[in-house]
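# What the coordinates show
Okay, here's what each chain looks like letter by letter:
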Amino acid sequence: MSDITTYLVGGAVRDHLLGLPVKDRDWVITGATPAELLQQGFKPVGSDFPVFLHPHTGEEYALARTERKTAKGYHGFHFHAAPDVTLEADLARRDLTINAMAQDNAGNLIDPYGGQADLQQRLLRHVSAAFAEDPVRILRVARFAARFAPLGFQVAADTQQLMRDMVAAGEVDALVPERVWQETVKALAEPAPQRFFEILRECGALRVLFPELDRLFGVPQPAQHHPEIDCGIHTLLVLQQAVQLSPAPEVRFAALTHDLGKGLTPADILPSHHGHEQLSRQLTTQLCERLKIPNRFRELAEHVAEQHGRIHKALELQPKTFLKVLESTDAFRKPERFAQLLLACEADAKGRTGFENRPYPQAARFRAVLAACLQVDVQAVIQAGFQGVQIKDEMHRRRVEAIRECLRHLDISAD
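Reference entry: report on the structure contained in this document.

Each value, and the rule that gives it
Residues numbered from 1 in each chain as written. Predicted model: local features only at pLDDT ≥ 70, side-chain atom pairs only at ≥ 80, totals over all residues. Heavy atoms only, no water. Helix = DSSP H or I, 4+ residues; strand = E, 2+ residues; numbered from the N terminus. Buried < 20%, exposed > 50% of the residue type's maximum accessible area, 1.4 Å probe, protein only. Contact = heavy atoms within 4.5 Å. Areas by Shrake-Rupley, 256 points an atom, 1.4 Å probe, with all protein chains shown as cover. Lys, Arg positive; Asp, Glu negative; His and termini not counted. Charge placed at Lys NZ, Arg CZ, Asp CG, Glu CD. Pairing = 2+ DSSP bridges. Phe/Tyr/Trp six-rings, centres within 6.5 Å; stacked < 30°, edge-to-face > 60°. Axes fitted to C-alpha atoms, helices over the stretch in contact; angles between N-to-C directions. Parallel < 35°, antiparallel > 145°, perpendicular 65-115°, else oblique. Left-handed = near helix turned anticlockwise from the far one by under 90°. Nonpolar A, V, L, I, M, F, W, Y, C, P; charged D, E, K, R; others polar. Polar contact = N/O pair within 3.5 Å; in protein donor to acceptor, adjacent residues only side chain to side chain. Salt bridge = Lys/Arg side-chain N within 4 Å of Asp/Glu carboxyl O.

Our focus in this paragraph is the overall build of the protein. When its secondary structure is counted, the protein shows 19 helices and eleven strands. Its C-alpha atoms give the protein principal-axis dimensions of roughly 85 × 55 × 40 Å. Residues classed as buried in the protein amount to 49% of the 415 residues present. Sequence-distant contacts, at least 24 apart, represent 65% of the contacts inside the protein between residues at least 6 apart. When the accessible surface of the protein is totalled, it reaches about 19300 Å², and 50% of it is carbon and sulfur. Side chains of the protein give 48 positive and 53 negative charges; the mean places of these two sets differ by 5 Å.

A few words now on the side chain of Thr-97. Assignment of secondary structure puts Thr-97 in the loop between helix 3 (87-92) and strand 8 (102-103). Ignoring anything within four residues of it in the chain, the contact list for Thr-97 reads Tyr-113, Gly-114, Gly-115, Asp-118, Arg-125, His-126 and Val-127.

So, on to the sheet that holds strand 5 (residues 60-63). With respect to topology, seven strands assemble into an open sheet ordered 3-4-5-2-1-8-9, the strand pairing being mixed. The open sheet has two edge strands with one neighbour each: strand 3 (43-45) and strand 9 (109-110).

With that settled, the discussion passes to the pairing of strand 1 (residues 5-9). Burial runs high along strand 1: four of the five residues are buried. In this sheet, strand 2 (residues 26-30) lies alongside strand 1 in antiparallel orientation, the contact comprising five bridges. Opposite Thr-6, over in strand 2, you have Ile-29 as the bridge partner. One ladder, built from two bridges, connects strand 1 with strand 8; its direction is antiparallel. For Val-9, the partnering residue across the bridge sits in strand 8 and is Ala-102.

This paragraph deals with the packing of aromatic side chains. Overall, the coordinates contain eleven aromatic pairs when judged by the stated rule. Measuring from ring centre to ring centre gives 5.4 Å for Trp-181 and Phe-253, while their planes differ by 80°; the resulting arrangement is edge-to-face. Here Phe-253 lies in helix 12 (residues 249-257) and Trp-181 lies in helix 7 (residues 177-188), a separation of 72 residues in the sequence. Residue Trp-181 shares its accessibility class with Phe-253, and that shared class is buried. Note on Phe-253 and Phe-297: the rings are 6.2 Å apart at their centroids and 80° apart in plane angle, and the pair reads as edge-to-face. Pair noted here: Phe-253 is in helix 12 and Phe-297 is in helix 14 (residues 295-312), with a separation of 44 residues, a long-range link. Both residues of the pair, Phe-253 and Phe-297, belong to the buried class. Through successive ring pairs, a cluster of aromatic residues spans Trp-27, Phe-42 and Tyr-61.

A word on unusual backbone geometry. Comment: phi is negative for the bulk of residues other than glycine, and the bulk of peptide bonds are trans. Residue Leu-270 is joined to Pro-271 through a cis peptide bond whose omega torsion reads 5°. Along the chain, Pro-271 turns up in the loop between helix 12 and helix 13 (276-291). Backbone geometry at Asp-330 places phi at a positive 60°, although glycine is not the residue there.

It is worth spelling out the packing of helix 1 (residues 11-18) against helix 5 (residues 136-148) at this point. Helices that pack against each other are described as a pair by the angle of their axes relative to one another and the distance between those axes. It is at 14 Å that the axes of helix 1 and helix 5 come closest, and there the two elements cross at 25°. Between helix 1 and helix 5, the angle falls in the class roughly parallel. Considering only the axes of helix 1 and helix 5, their crossing is right-handed. Where helix 1 approaches helix 5, its residues Arg-14, Asp-15 and Leu-18 are matched on the opposing element by Phe-144, Arg-147 and Phe-148. Residues of the contact of helix 1 with helix 5, tallied by class, amount to three nonpolar, no polar and three charged.

A few words now on the side chain of Lys-262. Mapped onto the secondary structure, Lys-262 falls in the loop between helix 12 and helix 13. Exposure remark for Lys-262: the relative accessible area of 7% places this residue in the buried category. Engagement of the side chain of Lys-262 in a polar contact is seen with the side chain of Gln-221, the distance being 2.5 Å.

All chains considered together, the criterion is met by 27 salt bridges. One salt bridge connects Arg-140 with Asp-95, and the closest N-O pair in it is separated by 2.6 Å. A residue pair is termed long-range when its members are at least 10 positions apart, and Arg-140 in helix 5 and Asp-95 in the loop between helix 3 and strand 8 qualify at 45 residues. The exposure class assigned to Arg-140 is partly exposed, which follows from its relative accessible area of 23%. Exposure remark for Asp-95: the relative accessible area of 5% places this residue in the buried category. Ionic pairing is found between Arg-298 and Glu-302, a salt bridge with its closest N-O pair at 3.1 Å. Of the two residues, Arg-298 and Glu-302 are both situated in helix 14; the distance of four residues between them amounts to about one turn of the helix. Overall, Glu-302 belongs to the buried group, its relative accessible area being 5%.

Counting buried positions along strand 2 yields four of five residues, so the element is predominantly enclosed. Two elements, strand 2 and strand 5, share four bridges in a ladder whose sense is parallel. Of the residues in strand 5, the one forming a bridge with Asp-26 is Glu-60.

Structure follows, in structure tokens:
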């Protein structure tokens, strides 16, 4: 037992050196066996390799281990954990040098692969050639790029080339949908999620994992409405605006997928994209089904894809069209989700070069119209003697009238 040593490893060491808050702490133990940890009250978790929960803090402690690639993809690994596995050997299997540092109980830094130097140079660099054995690491690099972009981090050139080689070798094809989405939704919550998709595109993984997004790059739009012209560039600008407007990953995902249909616009009508909204919804549905994306993301994204064109025209819509949009998006039962829809549409309007700081009165108009409709009392209609289909028709009539009155007041206020 005297040779057992515990080290703080990974993200906690990295974030401490960067001066960032340390949220989670992970530990590696050398010189121990599972039986010895169980005797000390540690609780085993997982089945792939020996990881334990501390009996008092609940933090994760893993036995030092090595790994060997045995099959394609990211499940094909054989793990070896034993008392003779060194800390350096354990750190060597990690993805990036900035995640391959450790700290002993005295606070001394153990940095065998140059992680501290890469932190100072703001580089995301792979630890060893073993990086190429796990395609999930491409997603993780892209996610760290999204997290640390505000600090100026870039992917090292040799790591970029290694990732391109992995894509060419077909490693990314082996990723399962659940793991792709798991990393994507984490990336959407980062400060610069557009970097996640930029990094994937640079190495070719976007074409494999998100072909609907990849197709947008190089597709033109009318310059008078989209000075940035390129549909792919516009999409990433919209995502950046969504970050400014909402921390919700659902809003950011909807912003990302709102224009997918433009990637399939016939060449003979470019740069126009007439009718792309419905196709955008269809492609959004397909993407969500393929990656098994939760319904709360899918439903919002589908509505934004289909309705953003109408929302943008809010200053010229007729009352019946307002009501049609509200009914088709289930705004009366889910007003909070409709509020998210408006945020995604605002991000779309502002996600254009030179339009970033322009007001978006369309959102305020739709909010006012929805509020007016919600004032229409269903119980009052029932008490008035309406029944069955009559209730629906009367509610429709009263809501149209409420919208008409609301718009009248809004126009008077504007004057």
